[in-house]
Amino acid sequence: MKRILITGSTGLIGSRIVELLGEKYTFIPLLQSEVDITDHDATARALNALSFDYLLHLAAYTNVDGAEQERELCRKINVDATANLLIQCKAKGARMIHISTDFVFDGKKGGAHGTELPTYTEASEPNPIAYYGQSKFEAEQAVKEEVMIVRLSYPYRKSFDAKRDFVRTIRYLLEQGKTLTMVQDSLITPTFIDDIVNGLDYLIQHYSTDIYHLVGADSITPYDAGKLIAHTWHLNEKLIQPVSYAEYFKGKALRPQWARIVNTNKNIIMSTFYESLKAFM
Ligand SMILES: NC(=O)c1ccc[n+]([C@@H]2O[C@H](COP(=O)([O-])OP(=O)(O)OC[C@H]3O[C@@H](n4cnc5c(N)ncnc54)[C@H](OP(=O)(O)O)[C@@H]3O)[C@@H](O)[C@H]2O)c1
């Protein structure tokens, strides 16, 4: 059985990977409570003492707004620790899979008139617009061509008490009868975490030091996503009010506005947002 050292195994995505693939691979969690990956010596000692074929690196500073205030900490976790993990992996002769994000892209419209919607493939040029995305891009730069890079986008799952993703946040607020404002002039690409896990399973078995997008099969405005969530759980969709991107993100870290990110690998099948919400039910 392949032995996979995994960072971030307690997080939203990592915990589901271990749940779903725990019988197919031997996972060795590198827990923050035991090793803080910003401590390079401790990380080196820990990895040196372990035997593993792959390092699946999910641990990250993931608070997009917080990253603007805590740039140094974000950089240490997302960039410096990732570069150090690659050094340790190479010393062990292990393969590394680095998890990244669609927030490396700027999400801006382009073309001659600046009105064409972008489509981000694995070959598109990153151009981050806020510090979290910048740090993830710098991490990609630090390891590219030596590791597999897998970008994810708006991941969600059926349940996970430790952290609410955007689907469960919207559902929760609607259940509380709260009025929500959701952006109407923007696109996101929501991704069912179980599809990400299946995609990673395929990529582990077809390892190459390339870039992959494990992202949902369609993109949707946050406002329409909210309506679909309300509809799925028979909640009051009138509680959702449209708001513009400019108004919603005033004073907050910017997210890519038109984040139409696609997976061009035909061997990896991802669900549309509607299909996976239906599967939830
Ligand atoms: N969630 C998203 O919307 C999203 C979207 C695109 C890409 N991604 C990427 O997917 C990956 C996983 O995201 P996620 O949402 O599952 O993360 P998460 O739920 O925020 O969990 C972060 C994980 O990183 C660990 N960690 C943080 N700092 C650490 C440190 N200094 N040393 C060791 N471990 C540390 C945490 O350990 P503790 O539990 O001990 O704190 C936790 O297991 C990240 O690389 C992220 O950039 C996420």
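The structure contained in this document is the topic of the report that follows. As the structure is a prediction and not an experimental result, all values here were calculated from the model. (Residues numbered from 1 in each chain as written. Predicted model: local features only at pLDDT ≥ 70, side-chain atom pairs only at ≥ 80, totals over all residues. Heavy atoms only, no water.)

## What about the overall build of the protein chain?
Short version of the rule: Numbering of helices and strands starts at the N terminus; helices are DSSP runs of H or I of at least 4 residues and strands are runs of E of at least 2. Taken over C-alpha atoms, the radius of gyration is set against a globule rule of 2.2 Å times the number of residues to the power 0.38. Each residue's exposure class comes from its accessible area (1.4 Å probe, protein chains only) as a fraction of the maximum for that residue type: buried when under 20%, exposed when over 50%, partly exposed otherwise. Whether two residues are in contact is decided by their heavy atoms: any pair within 4.5 Å suffices. For the accessible areas, the method is Shrake-Rupley and the probe is 1.4 Å, while residue cover comes only from the protein chains on display. A positive count includes Lys and Arg, and a negative count includes Asp and Glu. His and the chain ends are not counted in either. For charged residues, the charge sits on one atom: NZ in Lys, CZ in Arg, CG in Asp, CD in Glu.
Scanning the protein chain from N- to C-terminus turns up 10 helices and 10 strands. Taken over C-alpha atoms, the radius of gyration comes to 19 Å for the protein chain, in line with the 19 Å a tight globule of 281 residues would show. Along the first, second and third principal axes, the C-alpha set of the protein chain runs to 55 × 45 × 35 Å. Taking all 281 residues of the protein chain together, 53% fall into the buried category. The contacts in the protein chain between residues at least 6 apart in sequence include a share of 78% that link residues at least 24 apart. Entry remark: accessible area of the protein chain is about 13200 Å², with carbon and sulfur atoms responsible for 48%. If you average the places of the 31 positive and of the 34 negative side-chain charges in the protein chain, the two averages end up 3 Å apart.

## Comments concerning helix H5 (residues 131-143)
Rules: Every helix has an expected span of 1.5 Å times one less than the residues it contains.
Taking 1.5 Å per residue, 13 residues should reach 18 Å; H5 reaches 19 Å between its end C-alpha atoms and fits that length. Within H5, the full set of buried residues consists of Tyr131, Tyr132, Gly133, Ser135, Lys136, Phe137, Ala139, Glu140 and Val143. Where H5 is buried, its residues contact helix H3 (66-69), helix H4 (71-92), strand E4 (95-101) and strand E5 (148-152). In the stretch just after H5, glutamate 145 is the one whose phi turns positive, near 70°.

## Quick notes on the site of the ligand
Here is the rule: What makes a residue near a molecule or strand is one non-hydrogen atom of that residue sitting within 4 Å of it. We call two N or O atoms a polar contact when they sit within 3.5 Å, provided that within protein one can donate a hydrogen and the other can accept it, with sequence-adjacent residues counted only if both atoms are side-chain atoms. When residues are grouped by polarity, Ala, Val, Leu, Ile, Met, Phe, Trp, Tyr, Cys and Pro land in nonpolar, Asp, Glu, Lys and Arg in charged, and all others, Gly among them, in polar.
Neighbouring the ligand are 22 residues, the closest being Thr10, Thr62, Tyr132, Lys136 and Lys163. Between the ligand and leucine 12, the relevant distance is 2.9 Å, taken from an oxygen atom to a main-chain nitrogen or oxygen of the residue. For the ligand, an oxygen atom lies 2.9 Å from a polar atom in the backbone of leucine 58. In isolation the ligand has 910 Å² of accessible area, and contact with the protein removes 81% of it. Here the shell around the ligand takes 3 residues from E4, the largest share from any one element. Here the shell around the ligand is built from residues that sort into 12 nonpolar, 7 polar and 3 charged.

## Some remarks on the packing of aromatic side chains
Selection rule: Pairing of aromatic side chains requires ring centres within 6.5 Å, counting the rings of Phe and Tyr and the six-membered ring of Trp. Pairs whose planes differ by under 30 degrees are stacked, by over 60 edge-to-face, and all others tilted. A ring has a charge above it when a Lys NZ or an Arg CZ is no more than 6 Å from the ring centre and no more than 35 degrees off the ring normal.
Evaluation of the coordinates by the stated rule reveals 15 aromatic pairs. Three or more aromatic residues joined by ring pairs form one cluster here, namely Phe103, Tyr132, Tyr154, Tyr156, Phe166, Phe192, Trp233, Phe273 and Phe280. If you follow arginine 164 out to its NZ or CZ, it ends over the ring of tyrosine 172, 3.7 Å from the centre. The ring of tyrosine 248 is capped by lysine 252, whose NZ or CZ atom sits 3.9 Å from the centre of that ring.

## Quick notes on the pattern of salt bridges
Let me state the cut-off plainly: In what follows, salt bridge is the name for a side-chain nitrogen of Lys or Arg lying within 4 Å of a carboxyl oxygen of Asp or Glu.
The full count for this structure, using the stated rule, is 12 salt bridges. Here arginine 16 ties to aspartate 194 by a salt bridge, and the two come within 2.8 Å at their closest N and O atoms. Here arginine 16, found in helix H1 (residues 14-21), pairs with aspartate 194, found in helix H7 (residues 193-205); they are 178 residues apart in sequence, far enough to count as distant. Here arginine 16 falls in the buried class, since its relative accessible area comes to 19%. By relative accessible area, which is 17% here, aspartate 194 ends up buried. Measuring nitrogen to oxygen at the nearest pair gives 3.2 Å for the salt bridge that ties glutamate 19 to arginine 157. Highlighted residues: glutamate 19 in helix H1 and arginine 157 in the loop between strand E6 (155-156) and helix H6 (166-175), separated in sequence by 138 residues. Look at the salt bridges and you will find they share partners, linking Arg16, Glu19, Arg157 and Asp194 into a network.

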